[in-house]
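# Coordinates in review
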Amino acid sequence: MSLSYQFTSVLEHTLLVIQKMKCIFFDLIHYFLLVLLCCIDKMLPKEVVGNQSEVTEFIIQCFSNETELQYLLFVLFFLIYFIILAGNITICATVTMDAHLHTPMYWFLSNFSILEILHTSAILPKLLIMLITQHKTISTTGCKIQLYFFMAFTCIEFFLLTVMAYDRYVAVCHPLHYHSLMTLQHCAKYIAAVWTTGFLDPVPLNGIIANFSFCSSNQIDHFYCDVTPVLKLTCSDTSTAELLIFINGTFLLLSTFTLTCISYILIIQTILRIKSSESQRKAFSTCASHLTCVSIFYGTIYCVYMRPTTAYEPEKDKFYSLLNIVLVPTLNPFIYTLKNKEFKTAFEKQHKCIFSSR
């Protein structure tokens, strides 16, 4: 079966699933963030109060001022966003509708797909509106809200990828105890802890940024509100914020990356001790998809944030930030499903059931 045929089937299946679900999932996730992040400028007051500066809105410079190029970028990003939504909703719907996939690995995968939808929905809808309308402004409050959600979803991705690595470690290194160590109850606790910690982690930094004054330029040389471009525009003292970013970022990156590396070192050691080449291949295949996503995610994060502020280069940051936002969410459905026989079987089963009921 060709890749193009598989992709077409995925889109058809997704549209039918959305129709059957009456768009509940799409409404709750997509339109909520779309309204929250893209209409915030019209919903919030513009008066200057307290210690805020005269700057009440930012101008997002995006990628180019050429109109024709921006329309081309709109089409490109719209297609990318549609692929992200279609692919990840398909994963969530298939896992939810097939009882054979109600296992910790697929529940984590389903949560990862939801996270990818939320992560990109914090940025792309607003970007698409700016590209198509040429109205490239966002209020200072809206910018801070977008920054909070982006940071929260990034933190959640760190934690969730680490928990998924632990799940693969238990499955490969302790297969006999897997069902006792990774029950659905334990899985639910891990997921709740990941999302709660992820939403709480950026609160101190965003509390500091919320009190910043912006009294010089209002031009953000980026395509969304990120930490570095925003800090460069404030006339407030940023030393506390920069120290907090360094401490929190270092701890978050090193702790999650170290735990993930330890998990995979132990997994590789266990696999190498397996005598059967077929068993080795199966063990590697269960971890390859997750390891690919981890490599891409940490690679782009390193390129964007693991540099001193003096080395800030807007064009490079835009490129690496774009990879971080769209690459993993776009590839996630293909990485986890195209070579996963169990998922493909469940998908084809649901696909036949939907078409047979038409």
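About the criteria used
- Residues numbered from 1 in each chain as written.
- Predicted model: local features only at pLDDT ≥ 70, side-chain atom pairs only at ≥ 80, totals over all residues.
- Heavy atoms only, no water.
- Helix = DSSP H or I, 4+ residues; strand = E, 2+ residues; numbered from the N terminus.
- Buried < 20%, exposed > 50% of the residue type's maximum accessible area, 1.4 Å probe, protein only.
- Disulfide = S-S within 2.5 Å.
- Salt bridge = Lys/Arg side-chain N within 4 Å of Asp/Glu carboxyl O.
- Pairing = 2+ DSSP bridges.
- UniProt positions renumbered as here; feature names shortened; annotations may be inferred.
- Expected span 1.5 Å × (residues − 1).
- Contact = heavy atoms within 4.5 Å.
- Axes fitted to C-alpha atoms, helices over the stretch in contact; angles between N-to-C directions.
- Phe/Tyr/Trp six-rings, centres within 6.5 Å; stacked < 30°, edge-to-face > 60°.
- Parallel < 35°, antiparallel > 145°, perpendicular 65-115°, else oblique.
- Left-handed = near helix turned anticlockwise from the far one by under 90°.
- Nonpolar A, V, L, I, M, F, W, Y, C, P; charged D, E, K, R; others polar.
- Bend = angle between axes of the 7 residues up to and from the residue.

### Section: unusual backbone geometry
Not every positive phi belongs to a glycine, and C62 is a case in point at roughly 60°. At Q134, a position not held by glycine, the phi torsion is positive, near 65°. By the element assignment, Q134 lies in the loop between α6 (124–133) and β2 (137–139). For Q134, a relative accessible area of 31% translates into the label partly exposed.

### Section: the state of the cysteines
Under the counting rule described, the total for this entry stands at one disulfide. Linked covalently through their sulfurs, C143 and C225 form a disulfide whose S-S length is 2.0 Å. Residues C143 and C225 are joined through a disulfide that is left-handed, its torsion about the S-S bond being -130°. A residue pair is termed long-range when its members are at least 10 positions apart, and C143 in helix α7 (residues 140–173) and C225 in the loop between β3 (219–220) and α11 (227–231) qualify at 82 residues.

### So, the pattern of salt bridges
Once the charged atoms of two side chains with opposite charge are near each other, the side chains can pair. Inspection of the entire model under this criterion finds two salt bridges. Here R168 makes a salt bridge to D167, at a shortest N to O gap of 2.9 Å. Taken individually, R168 and D167 each receive the classification buried, so the pair is uniform in this respect. A salt bridge links K318 to D221, with the shortest nitrogen-to-oxygen separation between them at 3.0 Å. Separated by 97 residues along the polypeptide, K318 in helix α14 (residues 314–337) and D221 in the loop between β3 and α11 bring together distant segments of the chain.

### Notes on the pairing of strand β1 (residues 57–60)
Strand residues, when the strand is regular, have side chains that alternate between the two faces of the sheet. By the alternation rule, side chains of β1 split into F58 and I60, which are all buried, and E57 and I59, of which none is buried. Examined bridge by bridge, β1 and β2 share three bridges and lie antiparallel to one another. Residue I59 lies in a different strand from β2, and its bridge partner there is T137.

### Things to note about the UniProt feature "transmembrane region" (unreviewed entry) in the protein chain
According to UniProt, the "transmembrane region" (unreviewed entry) feature falls on residues 24–44, 71–96, 108–133, 145–166, 243–267, 288–307 and 319–338. Secondary structure across residues 71–96 comprises 100% helix and 0% strand; the distance between its end C-alpha atoms is 37 Å. Secondary structure content for residues 243–267 is 100% helix and 0% strand, and the end C-alpha separation is 36 Å.

### Looking at α7
Compared with an ideal rise of 1.5 Å per residue, which puts 34 residues at 50 Å, α7 spans 49 Å between its outermost C-alpha atoms and is within 8% of the ideal. Where burial is concerned, most of α7 is hidden: 30 out of the 34 residues are buried.

### So, the sheet that holds β3
Across the sheet, three strands lie side by side as β2-β1-β3; this open sheet has mixed pairing. Across the chains shown, the open sheet's two edge strands, defined by having one partner strand only, are β2 and β3. Across the sheet, α7 lies against β1, β2 and β3, angled at about 85° from β2, the strand it touches most.

### So, the packing of aromatic side chains
Geometry of an aromatic ring pair is reported as the spacing of the ring centres plus the angle between the planes. Tallied over the full model, the rule gives 17 aromatic pairs. Counting every residue linked through ring pairs, the aromatic cluster contains F63, F77, F150, F223 and Y224.

### A word on the packing of α7 against helix α9 (residues 184–200)
Two elements in contact, α7 and α9, have axes separated by 7 Å at closest approach and are oriented at 150°. Considering their axes alone, α7 and α9 lie roughly antiparallel with respect to each other. Crossing of α7 against α9: the hand is right-handed. Every residue of α9 that contacts α7 at Y148, A152, F153, C155, I156, F159, L160, V163 and Y166 is listed here: Y190, V194, W195, T197, G198 and F199. Residues that form the contact of α7 with α9 fall into these classes: 13 nonpolar, two polar and no charged.

### Observations concerning α14
Taking 1.5 Å per residue, 24 residues should reach 34 Å; α14 reaches 35 Å between its end C-alpha atoms and fits that length. The largest bend in α14 amounts to roughly 40° and is located at L331, with the proline P333 lying one to four residues further along.

### Topic: the packing of helix α12 (residues 239–272) against helix α13 (residues 277–305)
Each pair of packed helices can be described by the angle between their axes along with the distance between the axes. Relative orientation of the contacting elements α12 and α13 amounts to 160°, with a least axis distance of 11 Å. Between α12 and α13, the angle is such that the two are roughly antiparallel. The element α12 and its partner α13 pack so that their crossing is left-handed. For the pair α12 and α13, contact is made by L253, T256, F257, T260, Y264, I267, I271 and L272 and by Q280, A283, F284, C287, H290, L291, V294 and Y298, respectively. Each residue belonging to the contact of α12 with α13 can be placed in one class, and the counts come to twelve nonpolar, four polar and no charged.

### Notes on the environment of T238
By the element assignment, T238 lies in the loop between α11 and α12. Measuring from C-alpha to C-alpha, the distance between T238 and F212 comes to 8.6 Å, with 26 residues separating the pair along the chain. Non-local contacts of T238, meaning those with residues more than four positions away in its chain, are made with F212 and L231.

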